[in-house]
Amino acid sequence: SGSGLPLMVQRTLAKQVTLIDCVGKGRYGEVWRGSWYADSVAVKIFFSRDEASWRRETEIYSTVLLRHDNILAYVGSDCTSRGSCTQLWLITHFHPLGSLYEHLSRSALTRHQMMALCLSAANGLLHLHTEIHGTQGKPGIAHRDIKTKNILVKVNGECCIADLGLAVTRAHVAHSTPDPRQGTKRYMSPEALDNSMNAECFESYLKCDIYAFGLVLWEVCRRVRPAREYRPPYYEVAPNDPTYDDMRKIVCTDAARPTPSDDTHPTMVGMANLMRECWHQNAAVRLPALRIKKTLLKLAASDTS
Ligand code: ADE
């Protein structure tokens, strides 16, 4: 609803939105639940120092027809002045269950629920990564900040991928080399941490997403009953808010990775193998998103209980 509006019309969007309550605060700014006529919407309000993220997210959403069940749906962007400061808004659909991080912190999962979350997240990542030719086409997009806090849970039990503030296309990479050290340190790939990646090559960033996605799979699988408590990746070895050097020692020097559950159920064994193929030290042998999706579909089909 409203998503097809031309950008011109969207300049009035903020005036039509009523903010209801703040549902999240972070380094990026705040997220509010709001209403837009009959629709519940989420309003992400960026700190003005992070104008680049607002710009990038708005650009990615509005130059590309990014309509997919497993990617957060865009309503519009607005840039309004409040007194002396500029307020940067990004308006999207609202998902009352919040992020996958919040969902996992609250709830244990059945294997079936785990699979629905992982498959849908993989579907979203595949759509982002895939270049589609033709009039309804899209470029391949690397997310560059895949983590459970940037994935939302829908009431139907599926995920959608959010937060495109660091996303890049091949054209972005060709035009100016992105800094591989952006993104969340805890989820940063070994090649980003030790500066060994080819930062001029678009595909390098897709492989970083796959590494981070492996960590997400681990976080979700840990919550399958009989569940262990929610923990972030590397909780045993990394402090809160780890530094770049903390993570480089853990991920590159020690080549440590999270420990997959020792559940001997074939689905869980398959999930453990899948995460290892995602977070492999050698970026060249990590699975592409299509292969992750196919592996998950196979595991889902053979899980009959
Ligand atoms: N937190 C961040 N974005 C959100 C959204 N779109 N809906 C609900 N909670 C969110």
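All values derive from a computational prediction rather than experimental measurement.

Enquirer: Lay out the confidence of the model for the protein in plain terms, naming residues and giving numbers.
Expert: With 96% of its residues at a pLDDT of 70 or more, the protein has an overall mean of 93. Scoring the predicted complex yields pTM 0.95 and, for the interface, ipTM 0.93.

Enquirer: Can you tell me about helix α10 (residues 289–302), naming the residues and giving the values?
Expert: An α-helix turns once per 3.6 residues; consequently, residues spaced three or four apart project the same way. Helix length check: α10 (14 residues) gives 20 Å between terminal C-alpha atoms against 20 Å at 1.5 Å per residue, within 8%. Those residues of α10 lying buried are Ala289, Ile292, Leu296 and Leu299. On an axial view of α10, the arc spanned by its buried residues comes to 85 degrees, and they lie on one face. Among the exposed residues of α10, those oriented more than 90 degrees off its buried face are Lys298, Ala301 and Ser302. Considering only its buried residues, α10 is in contact with α4 (111–129), α7 (202–221) and α9 (266–278).

Enquirer: Could you give me a rundown of the site of the ligand, with the residues and numbers involved?
Expert: Around the ligand, the surrounding shell consists of Val31, Ala42, Leu72, Thr92, His93, Phe94, His95, Gly98 and Leu152. In this structure, histidine 93 approaches the ligand through a main-chain N or O atom, which is 2.9 Å from a nitrogen atom. One nitrogen or oxygen atom from the main chain of histidine 95 is found 2.9 Å from a nitrogen atom belonging to the ligand.

Enquirer: Explain empty space enclosed by the protein residue by residue, including any values.
Expert: To find leftover empty space, one rolls a probe the size of a water molecule over the atoms. Using the criterion set out here, one finds two cavities of 30 Å³ or more in the structure. Empty space within the largest cavity amounts to approximately 170 Å³. Forming the boundary of the largest cavity are 16 residues, of which Arg144, Gln182, Tyr187, Met188 and Cys208 lie nearest the centre. The dominant element in the lining of the largest cavity, judged by the number of residues it contributes, is α7, at four residues. Residues that form the lining of the largest cavity fall into these classes: nine nonpolar, four polar and three charged. When its volume is computed, the second largest cavity comes out at roughly 70 Å³. Trp218, Cys221, Arg222, Arg228, Thr259, Pro260, Ser261, Met268, Met271, Ala272 and Met275 together form the lining of the second largest cavity. Among the elements of the structure, α7 and α9 are those that each provide at least two residues to the lining of the second largest cavity. Here the element with the most residues in the lining of the second largest cavity is α9; it accounts for four residues.

Enquirer: Can you tell me about the sheet that holds strand β2 (residues 29–36), naming the residues and giving the values?
Expert: What links the strands of a sheet is backbone hydrogen bonding, and the strands pair in either a parallel or an antiparallel sense. In spatial order, the strands read β1-β2-β3-β5-β4; together these five strands make up an open sheet with antiparallel pairing. Lying at the two open borders of the sheet, with one neighbouring strand each, are β1 (17–26) and β4 (74–82). Taken pair by pair, the neighbouring strands of this sheet meet at an average axis angle of 25 degrees, ignoring direction. Direction of pairing for strand β3 (residues 39–46) relative to strand β5 (residues 85–93): antiparallel, over a ladder of six bridges.

Enquirer: Break down the packing of aromatic side chains for me, with residues and values.
Expert: What the rule picks out here adds up to four aromatic pairs. Relative to tyrosine 37, the ring of tryptophan 36 has its centre 5.6 Å away and its plane inclined at 70 degrees; by these criteria the two rings are edge-to-face. Seen from their ring centres, tryptophan 218 and tyrosine 235 are 6.2 Å apart, and the 20 degrees between their planes marks the pair as stacked. With a gap of 17 residues between them, tryptophan 218 in helix α7 and tyrosine 235 in the loop between α7 and α8 (244–253) connect regions that are remote in the sequence. For tryptophan 218, a relative accessible area of 4% puts it in the buried group. By relative accessible area, tyrosine 235 is classed as partly exposed at 27%. Stacked on the ring of tyrosine 28, the Lys or Arg lysine 44 has its end atom at 5.8 Å from the ring centre. Sitting over the ring of tyrosine 101, lysine 149 keeps its end group 4.6 Å from the ring centre.

Cut-off values and rules
Residues numbered from 1 in each chain as written. Predicted model: local features only at pLDDT ≥ 70, side-chain atom pairs only at ≥ 80, totals over all residues. Heavy atoms only, no water. pLDDT = per-residue confidence, 0-100. Helix = DSSP H or I, 4+ residues; strand = E, 2+ residues; numbered from the N terminus. Expected span 1.5 Å × (residues − 1). Buried < 20%, exposed > 50% of the residue type's maximum accessible area, 1.4 Å probe, protein only. Arc of directions from axis to C-beta. Contact = heavy atoms within 4.5 Å. Near = heavy atom within 4 Å. Polar contact = N/O pair within 3.5 Å; in protein donor to acceptor, adjacent residues only side chain to side chain. 1 Å grid on protein atoms, 1.4 Å probe; cavity = no way out; pocket = protein on both sides within 12 Å on 5 of 7 lines; lining within 4 Å. Points joined across faces, edges and corners; volume = space filled by probe spheres on them. Nonpolar A, V, L, I, M, F, W, Y, C, P; charged D, E, K, R; others polar. Pairing = 2+ DSSP bridges. Axes fitted to C-alpha atoms, helices over the stretch in contact; angles between N-to-C directions. Phe/Tyr/Trp six-rings, centres within 6.5 Å; stacked < 30°, edge-to-face > 60°. Lys NZ or Arg CZ within 6 Å of the ring centre and 35° of its normal.

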